[in-house]
Amino acid sequence: MTRNRQLRLNAFLHDTGHHEASWRHPDSALDRIDDIAFYQEIARRAETAKLDAVFLADGPAWYGTGHRPSNQFEPITLLTAIATVTEKIGLISTASTTFYEPYNLARLFASLDRISGGRAGWNIVTTFSQDAARNFGLEAVPSNEERYGRAQEFIDVVTKLWDSWEDDAVIADRASGDYLDTTKVHEIDHVGTHLRVKGPFNAPRSPQGRPVYVQAGSSNEGRAFAARNAEAIFTAHQTLGDAQAFYADIKGKARSLGRDPDGVLVLPGISPFIADTAQEAKDLHDHFNSLTVPAFGLTQLEKFAGVSLRHLELDERVPAEIFGGAGSVLDNSRSRKQVVANIVERDRPTLRELLHRLAGGRGHNVVHGTPTQIADTIQEWFENGAADGFNVMPPLYPQLLDAFISQVVPILQDRGLFRTEYSGATLRDHYGLSRPESVYRTDLPLAAGN
């Protein structure tokens, strides 16, 4: 492998931390989760360590049970506030193609890209939540087929909107009074199955041309969608082998579509408990799990795995058959359900053990160890066809982010795996992605949408 290849590392923001009981820890910043300065400080810390981006997940519904704080801020608004106090770090926000309209979403992300000087990324999700559907006047969430059909049409429309002003459309000729060459501003005139959008957009292309396209999820539909559209993919895997299989599948699908596989970054989640010794790290992890509330974990499990285990005692083993064939590639309609099914089939945990396995990262890889052990795990996945980098999910904010950036990042830098300085100013620069040409550029053949 070439030493020129560099890790991509994001800080995944999440109020008091990614462990579901983090808010109960006596050192948590529970009193600051509605303070914009708290998130600005975290982003500045991540930028000091030269991380690629901060990332915010989102869902337009309340998913709680009363046992954990809920989201405090709309993510694009929060990232815009973060943009004003940072200079280089990328800003990635989730937004759903099911519950936004293309023109509104295009304006929001183009504004974030412009305000930040080219640091915006759009995490594209379709949202399978029934709770969210009912918040938007729907009786039920649309089917997978319908959601992904709309999502593909949506991204095609948004791409055309962002590209509808060619890069040299603005001439700003004071002498003639011509601000625009209107022959280089294009109505998109889209009439499709799900959407009708006339266009053009109402602003020039933003600094990156388009925000970086990110996709989260590993279902069969999600993989196909990501291989066609995504420039970075957020995914969840528990083992090196599972991550390698996903990585190979995505890269192969992208290649078969005529895309450069190196332009499709695979970034699994990792939630690290870090301490001076392996035993101290394990003890820290166990202490967090001792703070969990089973009722909360069961509710979360039901939502993302689509099964109920409430009939089981906490110390009763979870029967593998309850997940059907979800542990195989033949039944992968819900990617997180497959992750859970694999845990059950491989490790045969009790219900309590399963809830603890999911408490730290909702199916993402939770690891504990010394800084060197954490760095070894990251390097192993990076150098063995499992990841191009990671979404770092600290169990406790800000303490365990601080531990990661002060103790693990320097090891990765010493090994030549991660930058010591930013080489550019935009998220595309950080990720090693080129600025896309407009699909309307007159001296190029018309592109299909990516």
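What you are looking at is a predicted structure, and each value in this text was computed from that prediction instead of being measured. Per chain, residues are indexed from 1 in the order of the written sequence. In keeping with the model being predicted, local features are shown solely for residues with a pLDDT of at least 70 and side-chain atom pairs are shown and tallied solely at 80 or more, while totals for entire chains, interfaces and linings include all residues. Computation of side-chain values covers all heavy atoms of the structure but excludes hydrogens and water.

Draft legend 1. How the structure looks around empty space enclosed by the protein. With a 1 Å grid laid over protein atoms only, a set of points is called a cavity when a 1.4 Å probe fits there but cannot get out and a pocket when it is open yet has protein on both sides within 12 Å along at least five of seven lines; lining residues have an atom within 4 Å of a point. Grid points are joined across faces, edges and corners, and a volume is the space filled by probe spheres set on the points. Scanning the entire structure with this criterion turns up three cavities of 30 Å³ or more. Taken as a whole, the second largest cavity holds about 40 Å³ of empty space. If you trace the second largest cavity, you find it lined by Glu-20, Ala-21, Trp-23, Arg-24, His-67, Leu-291, Thr-292, Val-293 and Phe-296. Under this grouping Gly is polar, as are all residues other than the nonpolar Ala, Val, Leu, Ile, Met, Phe, Trp, Tyr, Cys and Pro and the charged Asp, Glu, Lys and Arg. Partitioned by chemical class, the residues of the lining of the second largest cavity number five nonpolar, two polar and two charged.

Draft legend 2. Spatial organisation of the pattern of salt bridges. The rule for a salt bridge is simple: a side-chain nitrogen of Lys or Arg has to be within 4 Å of a carboxyl oxygen of Asp or Glu. If you walk through the whole model with that rule in mind, you get 27 salt bridges. Linking Lys-282 and Asp-286 is a salt bridge whose minimum nitrogen-to-oxygen distance equals 2.8 Å. Pair noted here: Lys-282 and Asp-286 are both in helix α8 (residues 278-290), with a separation of four residues, about one helical turn. According to the relative accessible area criterion, Lys-282 is partly exposed, its value standing at 36%. Residues Arg-317 and Glu-353 are paired through a salt bridge, measuring 4.0 Å at the closest nitrogen-oxygen approach. Pair noted here: Arg-317 is in the loop between α9 (294-305) and α10 (335-347) and Glu-353 is in helix α11 (residues 351-359), with a separation of 36 residues, a long-range link. A simple rule labels every residue: compare its accessible area, found with a 1.4 Å probe on the protein chains alone, to the largest value its type can have, and call it buried under 20%, exposed over 50%, or partly exposed in between. Taking relative accessible area as the criterion, Glu-353 reaches 40% and is therefore assigned partly exposed. Linked by salt bridges that have partners in common, Asp-163, Asp-167, Arg-205, Arg-210 and Arg-435 make up one network. Only DSSP runs of H or I covering at least 4 residues are called helices, and only runs of E covering at least 2 are called strands; the numbering of each starts at the N terminus.

Draft legend 3. Representation of the side chain of Thr-98. Mapped onto the secondary structure, Thr-98 falls in the loop between β3 (90-96) and α3 (102-116). Thr-98 sits in the buried class, given a relative accessible area of 12%. Polar contact is the term for a pair of N or O atoms within 3.5 Å; when the atoms are in protein, one must be able to donate a hydrogen and the other to accept it, and sequence-neighboring residues count only if both atoms are side-chain atoms. At a separation of 2.4 Å, a polar atom in the side chain of Thr-98 contacts the main-chain carbonyl oxygen of Thr-126. The contact definition used throughout considers only heavy atoms, calling two residues in contact when any of these lie within 4.5 Å. Residues within four places of Thr-98 in sequence aside, it is in contact with Thr-126, Thr-127, Pro-142, Arg-147 and Arg-150.

Draft legend 4. Expanded view of the environment of Pro-371. By secondary structure assignment, the location of Pro-371 is in helix α12 (residues 371-383). In this structure Pro-371 comes out as buried when scored by relative accessible area, which is 12%. Residues Pro-371 and Pro-272 lie 99 residues apart in sequence; the distance between their C-alpha atoms is 9.3 Å. Apart from the residues within four sequence positions on either side, Pro-371 is in contact with Ile-274, Ala-275, Gln-407, Val-408 and Ile-411.

Draft legend 5. Highlighting the nonpolar core. Take the buried Ala, Val, Leu, Ile, Met, Phe, Trp, Tyr and Cys residues and link them wherever side-chain atoms come within 4.5 Å; each set so joined is a nonpolar core. Leu-7, Leu-9, Leu-51, Val-54, Ile-378, Phe-404 and Leu-412 are the most contacted members of the largest nonpolar core, which totals 52 residues. Per element, the largest residue contribution to this core is nine residues, and it comes from helix α13 (residues 399-414). Once residues within four sequence positions are removed from consideration, Val-54 is found in contact with Ala-11, Leu-13, Ala-43, Ala-46, Leu-79, Ile-89, Gly-90, Leu-91 and Ile-92. Within the second largest apolar cluster, 27 residues are counted, among which are Phe-109, Trp-122, Tyr-148 and Ala-151.

Draft legend 6. Highlighting the side chain of Arg-210. Within the secondary structure, Arg-210 is located in the loop between β8 (196-197) and β9 (212-216). Since its relative accessible area comes to 4%, Arg-210 is described here as buried. Among the polar contacts made by the side chain of Arg-210, one reaches the side chain of Asp-163 at a distance of 2.7 Å. Engagement of the side chain of Arg-210 in a polar contact is seen with the backbone oxygen of Glu-437, the distance being 3.1 Å.

Draft legend 7. Focus on the packing of helix α2 (residues 75-83) against α3. Running from N to C, α2 and α3 point in directions that differ by 10 degrees, and their axes come no closer than 9 Å. The angle between α2 and α3 falls in the class roughly parallel. Across the interface between the two elements, Ile-76, Leu-79, Thr-80 and Ala-83 of α2 pack against Leu-108, Phe-109, Leu-112, Ile-115 and Ser-116 of α3. Fitted lines through C-alpha atoms serve as axes, helices being fitted only where they are in contact, and the angles separating the N-to-C directions of these axes extend from 0 to 180 degrees. Note on angle classes: values under 35 degrees are labelled roughly parallel, values over 145 roughly antiparallel, values of 65 to 115 roughly perpendicular, and the remainder oblique.

Draft legend 8. The arrangement of helix α7 (residues 240-256) in detail. To estimate the expected span of a helix, subtract one from its residue number and multiply by 1.5 Å. When the terminal C-alpha atoms of α7 are compared, their 24 Å separation across 17 residues agrees well with the 24 Å that a helix rising 1.5 Å per residue should span. Listed as buried for α7 are Ala-243, Phe-246, Tyr-247, Ile-250, Lys-251 and Ala-254. Projected onto a plane normal to the axis of α7, the buried residues spread over an arc of 125 degrees and lie on a single side. Exposed and facing more than 90 degrees away from the buried side of α7 are Arg-255 and Ser-256. For α7, the secondary structure elements touched by its buried residues are α6 (220-229), β10 (232-235), β11 (265-274) and α12. Positioned one or two residues after α7, Gly-258 has a phi angle of 80 degrees, which is positive. Each direction from the helix axis to a C-beta atom contributes to the arc, which is the arc of those directions.

Draft legend 9. Spatial organisation of the pairing of β9. Summarising burial for β9: four of the five residues are buried, a large majority. Bridge count for strand β4 (residues 120-125) against β9 is four bridges, and the pairing is parallel. From the neighbouring strand, Gly-121 faces β9, where its bridge partner is Val-212. Judged from the three bridges that link them, β9 and β10 form a sheet pairing that is parallel. For Gln-215, the partnering residue across the bridge sits in β10 and is Ile-233. Two strands pair under a simple rule: DSSP has to find at least two bridges between them.

Draft legend 10. Layout of helix α1 (residues 36-48). In this model, α1 (13 residues) spans 19 Å end to end at C-alpha, consistent with the 18 Å of a helix rising 1.5 Å per residue. Within α1, the full set of buried residues consists of Phe-38, Tyr-39, Gln-40, Ile-42, Ala-43, Ala-46 and Glu-47. In the core, the buried residues of α1 are packed alongside β1 (8-12), β2 (53-56), α2 and α13. A distance of 3.0 Å separates the backbone nitrogen of Ala-37 from a side-chain oxygen at the start of α1, and that oxygen is part of Asp-35.

Draft legend 11. How the structure looks around the pairing of strand β5 (residues 170-173). Pairing between β5 and strand β6 (residues 178-180): two bridges, direction antiparallel. In the strand pairing of β6, Asp-173 is matched with Asp-178. If you look at the hairpin formed by β5 and β6, you'll find four residues sitting between the two strands, and Gly-177 has a positive phi there, around 85 degrees.

Treat this as a map of the structure, not an account of what it does.
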